[in-house]
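Commentary on secondary and tertiary structure
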Amino acid sequence: MKGFLNRQAPYVFIAPTLILLTLFSLVPIVVALVISLTDMDLGGLANFDSIGFIGFDNYVEVLTDPVFMKSILNTLFYVVIGVPLVILFSLAVALLINLGTSRIFKAFRVVYYLPSVTNIVAVAVVWSYLYNPSLGLFNYLLNAIGLPDVQWLTQPTTAKLSLILLALWKAVGLNMIIFIAALQGIPKSYYEAAQLDGASLWQQVTKITIPMLRFAIFFVSITTMIGWLQFFEEPFVMTNGGPLDGTLSVSLFIYQNGFKFNNFGYAAAGSFVLFVFIIAITLIQLRLQKNESDMT
Amino acid sequence: MKKTMTLITAGVLTVGMLAGCGAKNDTNGGNASEGGGDSNEKVTLTVWGMGEEAKTLPKFADEFTKENPNIKVNVQALPWDQGHDKLLTAVASKKGPDVVQMGSSWVAEFADAGVLADLSPYVTQYPELNPDNFYPGAVAAGKYNDKYVSSPWYVETRVLFYRTDMLKSVGFDKAPATWDELSDAAQKLTKAGGSGKYGMSIDPKEQSLGFMFARQNGANWFTADNQPNFNDPKFVEAVSYVNSFYQNGSAPKDLGLDIVPAFKEGILPMFISGPWMIKLIQDQAPEINGKWALAVLPKKENNMSVLGGSNLSIFEYSKNKDAAAKFVAYMSKAETQLKWMDSTSSLPAVTSAWDNDKLKNDPNYQVIGEQLKTAQPMPVLKSWAQIGDSYLKHFEVIYRSNADVKKEMDSFNADAAKLMK
């Protein structure tokens, strides 16, 4: 009996997680896969008989849809520019806060973290005023130093950058906390030894801190990358994909097709393309990381 | 950041599971549907109201219960932007409200899914529901494939709001009456106002405006065999006309100002909007009282406006359809509609209510009543939401980069044809 319990105990402990994962992640993914092969729309939702199986038509159509292509390019733009910036800024902020010994730095930890816990809708209201073409603070400041207005949200490329700026401001806090936790896990003795050998502060940072943070950086880059591939809230609340689809992300494309236009099959196909995309990129990253750790 | 997969899948899954449960209840409820309106039986109706006005609805529901003690009404107020999602869930679970307020743009998609009950069987019992009582445009907006799926509740239509004092200063003693005059007035106002001022506001995000101008130009939206006809020369001409306001600087592309303060400051001395603006201007800009007025839209071939508003529908899965019809009939009475107007300032869809003194003597309401006579709704098409969205995207290309209108409308027409298939 005791042996049985010992063998079963781990399963009992992981059962709640497994059940939740299956119910709310695995089953929905399978259901979405099935839906993506059908022409399900609102009528299909009301009456399952009217759903037709159409094979891979949705995939063919979504992959040739110029709007979808545009949304993929936009998403890549967000990722390529946004992710390095998030890592750079949160790492820099974490390092600076960690170096400081005065009390004020503890306060700044809160200051940088606050945007992460602020409701996105509230953030959107404030930021849309900052970006407002007539009343915006940003244009006012630019004008004050003699520069012309910037079309923050109304020129496709600028609008993408404006959203990245907003998302960056919001994302730095959380990643900073992860970095600070990792920084405090580095044994003090390493620095003491380096100081005895006469290493400068810069040398300590580049030779001890950054290498010791490798795992934290890897973790942050993977989670941030996945998060930014699913970039949704910022364009949803700020621009709704406009101007000229310039800020439309893949997630927003899926949302609009699924819940605005009721093309559930088409949207599910789009979400599967995104799903495969994210898995592929994450696997590549894992592989790169493995190669790197083999070398050291 | 939300997980996209869960976004799509979890939603569909949950509603799918609910659908399983809902189906059973429906079979049980089959008998009850006949007894629902029985005067001896107590029933509770669930009514979904949308937006601000839904907050006033409980007061009217109580009045209704006073007249019909056996019918209790339970009002749920939903914000407009959540209403659509809530309705989707109700459709999937086959369980939802008994009566639901429908925005006119939703009628087609939900009627197509077969979740809105046909109201024609109730017309004999409740003469208030007779389509002849309402504005014809409002009835047309509530019909899908000739099925009377929703009854008009209140209406609105777009008219021209203008600053009388400012138009006078550029030589217009009354509102512009034709397209040419409108364009002329807008340019003169822009010039007179100087930098940072405009002649009028044409909201580039409002999808109905382009179609409205096209119809005023005599364009038919569809060909005789029901194909989209959005690259018709008359349609193209109308879009070019609208575009000219952006190109000659008399309408702003991105102003980022709310209309009321801009109207008050004279930044936008003219705009096209609906009756709800009257109260907003009166409340938020009392300083310009007496310096603004309403006018019917300027005409080209005609001056037909867009008819909007809300309808009331009975949900197909309701077990109390008869009681629900009674409630809809109550809301459609001329006297209820007038009381409704007093508390929410939305306009009655029942034509006989317009004999009321308040509507007859108020100059603003007179203009709207006049405009309502010919106002027509947007087409009741399942794919209209997508077509309208597509129009906005093509129009954005036109007004932002001054693209070739004909070419852009050709491409829009091709998209629309694909969407309508």
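Structure: see above.
What this report covers is the structure whose coordinates are included nearby.

Reading the values: rules and limits
- Residues numbered from 1 in each chain as written.
- Chains lettered and ligands numbered in written order.
- Predicted model: local features only at pLDDT ≥ 70, side-chain atom pairs only at ≥ 80, totals over all residues.
- Heavy atoms only, no water.
- Helix = DSSP H or I, 4+ residues; strand = E, 2+ residues; numbered from the N terminus.
- Buried < 20%, exposed > 50% of the residue type's maximum accessible area, 1.4 Å probe, protein only.
- Contact = heavy atoms within 4.5 Å.
- Areas by Shrake-Rupley, 256 points an atom, 1.4 Å probe, with all protein chains shown as cover.
- Lys, Arg positive; Asp, Glu negative; His and termini not counted.
- Charge placed at Lys NZ, Arg CZ, Asp CG, Glu CD.
- Salt bridge = Lys/Arg side-chain N within 4 Å of Asp/Glu carboxyl O.
- Core = buried A, V, L, I, M, F, W, Y, C linked by side-chain atoms within 4.5 Å.
- Pairing = 2+ DSSP bridges.
- Axes fitted to C-alpha atoms, helices over the stretch in contact; angles between N-to-C directions.

**Some remarks on the overall build of chain A**
Broken down by element type, chain A carries 14 helices and 0 strands. Element order for chain A, N to C, with α for helix and β for strand: α-α-α-α-α-α-α-α-α-α-α-α-α-α. Summarising its shape, the C-alpha atoms of chain A cover approximately 80 × 75 × 35 Å along the three principal directions. The buried share among the 296 residues of chain A stands at 43%. Considering only contacts within chain A whose residues lie at least 6 apart along the sequence, 67% involve residues at least 24 apart. Of the roughly 16000 Å² of accessible surface on chain A, 72% is carried by carbon and sulfur atoms. When the 14 positive and 14 negative side-chain charges of chain A are each reduced to one mean point, those points stand 18 Å apart.

**Here we look at the pattern of salt bridges**
Residues and elements named next belong to chain B. For the structure shown, the criterion picks out 18 salt bridges over all chains. Residue Glu-156 is joined to Arg-158 by a salt bridge in which the shortest nitrogen-to-oxygen separation is 3.4 Å. The class for Glu-156 is buried, based on a relative accessible area of 12%. The buried category is assigned to Arg-158, whose relative accessible area is 13%. Salt bridges here are not isolated pairs; linked through shared partners, they connect Glu-63, Lys-66 and Lys-339.

**Notes on the nonpolar core**
By size, the foremost hydrophobic cluster in this structure holds 92 residues, and its most contacted members are A:Trp228, A:Met238, B:Leu87, B:Val91, B:Met102, B:Phe110 and B:Val115. Looking at this core, the element that brings in the most residues is helix α4 (residues 66-99) of chain A, giving 12 residues. In this structure, B:Val115 is in contact with A:Ala46, B:Val91, B:Phe110, B:Ile314, B:Phe315, B:Glu316 and B:Tyr317, ignoring residues within four places of it in sequence. By size, the runner-up hydrophobic cluster in this structure holds 62 residues, among which are B:Val99, B:Leu338, B:Met341 and B:Ala375.

**Concerning the sheet that holds strand β11 (residues 347-348) of chain B**
All names here are of chain B. Read from one edge to the other, the open sheet built from 6 strands follows the order β2-β1-β3-β10-β6-β11, with strand pairing classed as mixed. Because the sheet does not close on itself, it has two edges, and the strands there are β2 (71-78) and β11. Pairing analysis gives 6 bridges linking strand β6 (residues 151-157) to strand β10 (residues 307-314), with the strands arranged antiparallel. Within the sheet, the bridge partner assigned to Val-155 lies in β10 and is Gly-309. Its contacts with the sheet put helix α2 (residues 57-67) on β1 (43-50), β2 and β6, and the angle it makes with β2 is roughly 170 degrees.

Everything listed is a geometric property; what it means functionally is a separate question.
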